[in-house]
Amino acid sequence: MVEFAAVAGIAAVELGMVLTPGPNMIYLVSRSIAQGRRAGLISLAGVGAGFLVYLAAVTIGITAVFTLVPVLYLMIKIAGAAYLAWMAWQAFNRI
C-alpha cells in the first residue's frame, strides 16, 4: 500500500510541473487573449483532462515495468543522477 505522504509528494511535484510556464501555458494565454475567457477556460479543462489521462497511463506503465524489472529502475535512477550532474557541470562551466 502506498503511503499518503508519497502520494501527496508526487501530487505536489505534478502541480509544480503543471503550473510552470511552457507550451500549455502559452496555448492557454494565447487562446484566452484571442478568443476570450470562455475559450480559455474550455481549453484549460481540456489540458487538465489530458494531464489526468497522461498521468494515469504513465503511472500504470511505469509501475508495471519497474515491478517486472527492478534493475531497470536502478539504471534509470543512475542515468538521471548522471544527467543532473552533467547539467550542473555545464552550468558551472558557463560562469
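Residues numbered from 1 in each chain as written. Predicted model: local features only at pLDDT ≥ 70, side-chain atom pairs only at ≥ 80, totals over all residues. Heavy atoms only, no water.

(A) Examining the overall build of the protein chain more closely. Within the protein chain, the secondary structure is distributed over four helices and zero strands. Along its sequence from the N terminus, the protein chain presents helices and strands in the succession α-α-α-α. The principal-axis extents of the C-alpha atoms in the protein chain amount to approximately 50 × 45 × 20 Å. For the protein chain, buried positions account for 5% of its 95 residues. Total accessible area computed for the protein chain in this model is approximately 7,900 Å², and 77% of it derives from carbon and sulfur atoms. (Helix = DSSP H or I, 4+ residues; strand = E, 2+ residues; numbered from the N terminus. Buried < 20%, exposed > 50% of the residue type's maximum accessible area, 1.4 Å probe, protein only. Areas by Shrake-Rupley, 256 points an atom, 1.4 Å probe, with all protein chains shown as cover.)

(B) Up close: the packing of helix 3 (residues 37-68) against helix 4 (residues 70-93). The interhelical angle for the contact between helix 3 and helix 4, taken along N-to-C directions, is 110°, at an axis separation of 4 Å. One finds that helix 3 runs roughly perpendicular with respect to helix 4. Of helix 4, the residues touching helix 3 (which contributes Val65, Phe66, Thr67 and Leu68) are Pro70, Leu72, Tyr73 and Ile76. By residue class, the composition of the contact of helix 3 with helix 4 is seven nonpolar, one polar and no charged. (Axes fitted to C-alpha atoms, helices over the stretch in contact; angles between N-to-C directions. Parallel < 35°, antiparallel > 145°, perpendicular 65-115°, else oblique. Contact = heavy atoms within 4.5 Å. Nonpolar A, V, L, I, M, F, W, Y, C, P; charged D, E, K, R; others polar.)

(C) Expanded view of the packing of helix 2 (residues 23-35) against helix 3. Here helix 2 crosses helix 3 at 160°, and the two axes come no closer than 7 Å. Classified by the interaxial angle, the pair formed by helix 2 and helix 3 is roughly antiparallel. The interaxial crossing formed by helix 2 with helix 3 has right-handed handedness. Contacts from Asn24, Tyr27, Leu28, Arg31, Ser32 and Gln35 of helix 2 reach helix 3 at Arg37, Ala39, Gly40, Ser43, Leu44, Val47 and Phe51. Of the residues contributing to the contact of helix 2 with helix 3, the split by class is six nonpolar, five polar and two charged. (Left-handed = near helix turned anticlockwise from the far one by under 90°.)

(D) Local environment of the packing of aromatic side chains. All told, the structure shown has two aromatic pairs when counted by the stated rule. Centroid distance Phe66 to Tyr73: 4.8 Å. Interplanar angle 55°. Geometry classified as tilted. Tyr73 sits in the partly exposed class, given a relative accessible area of 39%. Residues Tyr83 and Trp86 carry aromatic rings whose centres are separated by 6.1 Å and whose planes lie at 25° to one another, so their mutual orientation is stacked. Placement of both Tyr83 and Trp86 in helix 4 is noted, with a separation of three residues, approximately one turn of the helix. (Phe/Tyr/Trp six-rings, centres within 6.5 Å; stacked < 30°, edge-to-face > 60°.)

(E) A look at helix 3. Compared with the 46 Å implied by 1.5 Å per residue over 32 residues, the 46 Å span of helix 3 between its first and last C-alpha is a close match. Of all the residues in helix 3, the buried ones are Ala39, Gly40, Ser43 and Val47. Along its buried surface, helix 3 packs onto helix 2. (Expected span 1.5 Å × (residues − 1).)

(F) Layout of the side chain of Ser43. Within the secondary structure layout, Ser43 lies in helix 3. Setting aside anything within four residues of it in sequence, one finds Ser43 in contact with Tyr27, Leu28 and Arg31.

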